[in-house]
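Here are the chains, one letter per residue:
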Amino acid sequence: MSVAPASDPHIVSLVLQSKKALQEGEQICSKANELSATSTQTSIDVLILDAKVKWITDNVLEQLKLAAFVAKSIEEKRTKLNKQVQDWDNLRTKQTDALDKILNELGSQRVPPDFHQTSTASSIFGSQNSEDEQQNYTQSNGLSTLSRSPSDTIQVPRPKPQADLKNWKTLRDFVDDQAIEDIFECMEEEHTIVEDILSRTDEYSEKLTTAIHSIREYLPEMTPPPSIEQLITSQDSAQIGMAGHLESLAAHYDQMCNALREREAGDVFGEDDLQDMNRDTEELPSILSELEENLRSVTATYDQLCQIRDTNQEHIKRLSNVLDELDELGDIMTEMLQTQETVESECEQRFTQMQRHLLTVEDLQQQFISYQTAFRKLILEIARRRVYKEAAENIVRGMMDQLTAMTEEERRVREHFNQEQGAHLPEDLCLCISNYPTKWDISPWAGEVLESLPDIPTDMVTEARNHVRTEPPSVVNGTESLTSITF
């Protein structure tokens, strides 16, 4: 072994550099080891927190689904109630329109004054005939008789001057409009009450939807976390590399210490040995750089795990607020459901009353239709009775004319007989031979007055016939059927 030249690196300096590099490497590896151990615990915390966040979030989402179902259920029930109100309102419009129609028809149906003004025939005080009318009557055995004049055989009431048609009453005048208005007002009041009841839940669905959306938006954003296994594996790989570098630093330091001891023992190193030691020492900075790079990798993994842990902890805090809001939402939903049930119960009670009002309106409509039909038939009945009355009067008048003619003829025959034969007969023989023939009079039944019928314009009778199908009347007192008689 030859003596080293003066320009060779000093072995002690190389030993010191090796020692320093080893110490730095040990510090780096020690820090990396601490970070690795902490990372392991942090990764466990991350897994626990991540599972907790996911579990709470899933439960919150399930609760929000339930809340959405409640909101939908309330809205469906509201829609059903509103549909019932709308159907009732449509039916009310239909019924009231039908009622207005029949009322308008009643308003266009004229009523002759004789139909509602007191007549002598229907007076509770009996016949209130004038003096002129009384003159046409004589009393015979307590029975009312007609005038003996053939022209006065039948008592005909004097025609009453008809008032202007514009002043005539209509069937509508005999309807209690105030009662109808009261029914309409009750229906409108019931409708308003139901609308007020339904208005209690107007904003329920919207409020629940807004609250659900707000809570959903406040939930932490769940992004797929990096694989914890991959992070730990990459950290372990970095540590394995660091262990190899640390072993290299320790081996180099041992070599330098041995070389120093050999030098102190008197050994002299050759040129090649010195160059090898110098080259190995020059590589120490690059090894330390790789160790620092590995440390940065371990630190980055640790920092990433800490960030995930901190993020999950923030999520837990946020979810705690969400759970509080969810509890509050649950209380609100419970109150809403109770209110909705109360609204449904009250509405059902109101619907029953509202339905009764509709039935009342429908009954009124049918009553007025029957009223109108009965009035038209009344017109036809009065017209029929007038035809009967005139036919009966014609029969009586014909009989009176025939009896009068027979009586006159009998009188002339008797006078002729008396003139020819009376002078030849004893005066005390058959005294009745000089009697005149009995005169006859036909009058209403004892105690009864002549029937008086209301005056009906012909156009009203024609209009009534166009609306009503009448049954053919029967033959009266042997006269021809009134079917053939036109009004």
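One can find the structure itself at the top, above this paragraph.
The rules behind each value
Residues numbered from 1 in each chain as written. Predicted model: local features only at pLDDT ≥ 70, side-chain atom pairs only at ≥ 80, totals over all residues. Heavy atoms only, no water. Helix = DSSP H or I, 4+ residues; strand = E, 2+ residues; numbered from the N terminus. Buried < 20%, exposed > 50% of the residue type's maximum accessible area, 1.4 Å probe, protein only. Salt bridge = Lys/Arg side-chain N within 4 Å of Asp/Glu carboxyl O. Axes fitted to C-alpha atoms, helices over the stretch in contact; angles between N-to-C directions. Parallel < 35°, antiparallel > 145°, perpendicular 65-115°, else oblique. Left-handed = near helix turned anticlockwise from the far one by under 90°. Nonpolar A, V, L, I, M, F, W, Y, C, P; charged D, E, K, R; others polar. Phe/Tyr/Trp six-rings, centres within 6.5 Å; stacked < 30°, edge-to-face > 60°. Lys NZ or Arg CZ within 6 Å of the ring centre and 35° of its normal. Core = buried A, V, L, I, M, F, W, Y, C linked by side-chain atoms within 4.5 Å. Contact = heavy atoms within 4.5 Å. Expected span 1.5 Å × (residues − 1). Arc of directions from axis to C-beta. Polar contact = N/O pair within 3.5 Å; in protein donor to acceptor, adjacent residues only side chain to side chain.

(A) Region of interest: unusual backbone geometry. Phi angles above zero are rare outside glycine, and Cys 430 is one such case at about 50°. Along the polypeptide, Cys 430 turns up in the loop between α8 (284-421) and α9 (458-467). Among the residues examined, Cys 430 registers a relative accessible area of 42% and is labelled partly exposed.

(B) Structural view of the pattern of salt bridges. Here the structure, examined in full by the defined rule, presents 21 salt bridges. Across the pair Arg 92 and Asp 89 runs a salt bridge, and its minimum N-O distance is 2.7 Å. Residue Arg 92 and its partner Asp 89 are both found in helix α1 (residues 11-108); the two are separated by 3 residues, about one turn of the helix. The same class applies to Arg 92 as to Asp 89, namely buried. Measuring nitrogen to oxygen at the nearest pair gives 3.4 Å for the salt bridge that ties Asp 455 to Arg 386. Taken together, the positions of Asp 455 in the loop between α8 and α9 and Arg 386 in helix α8 put the pair 69 residues apart, joining distant regions of the chain. Judged by its relative accessible area of 27%, Arg 386 is partly exposed.

(C) Molecular detail of the environment of Lys 77. With respect to the secondary-structure elements, Lys 77 resides in helix α1. Owing to a relative accessible area of 32%, Lys 77 belongs among the partly exposed residues under this scheme. Along the chain, Lys 77 and Gln 340 lie 263 residues apart, while their C-alpha atoms are 8.3 Å from each other.

(D) Local environment of the packing of helix α4 (residues 177-199) against α8. At a minimum axis separation of 10 Å, α4 and α8 run at an interaxial angle of 160°. By the angle between their directions, the pair α4 and α8 is classed as roughly antiparallel. α4 and α8 meet at a crossing whose hand is left-handed. By residue class, the composition of the contact of α4 with α8 is 17 nonpolar, 4 polar and 3 charged.

(E) Spatial organisation of the packing of aromatic side chains. Inspection of every chain in the model, using the stated rule, returns 1 aromatic pair. One Lys or Arg, Arg 318, reaches over the ring of Tyr 218 and ends 4.4 Å from the middle of that ring.

(F) Summary view of the nonpolar core. Membership of the largest hydrophobic core comes to 36 residues, with the highest contact counts inside it found for Leu 99, Cys 347 and Phe 368. With 13 residues, the top contributor of residues to this core is α8. Here Leu 99 is in contact with Ile 180, Phe 184, Val 361, Leu 364, Gln 365 and Phe 368, once residues within four sequence places are set aside. Listed in part, the 25 residues of the second largest apolar core include Ile 11, Met 242, Ala 259 and Leu 295.

(G) Examining helix α5 (residues 204-218) more closely. Between its first and last C-alpha, α5 extends 21 Å over 15 residues, near the 21 Å set by a 1.5 Å rise per residue. Every buried residue of α5 is accounted for by Tyr 204, Ser 205, Leu 208, Ile 212 and Ile 215. Taken end-on, α5 shows its buried residues confined to a sector of 100°, consistent with a single buried face. For α5, the exposed residues lying more than 90 degrees away from the buried face are Glu 206 and Glu 217. Against α1 and α8 lie the buried residues of α5.

(H) A look at the environment of Thr 96. Note that Thr 96 resides in helix α1. Distance from Thr 96 to Leu 358, taken between C-alpha atoms, is 8.8 Å for residues 262 residues apart in sequence. With sequence-adjacent residues up to four places away left out, Thr 96 is seen in contact with Phe 184 and Val 361. Of note is the side chain of Thr 96, whose polar atom sits 2.7 Å from the backbone oxygen of Arg 92.

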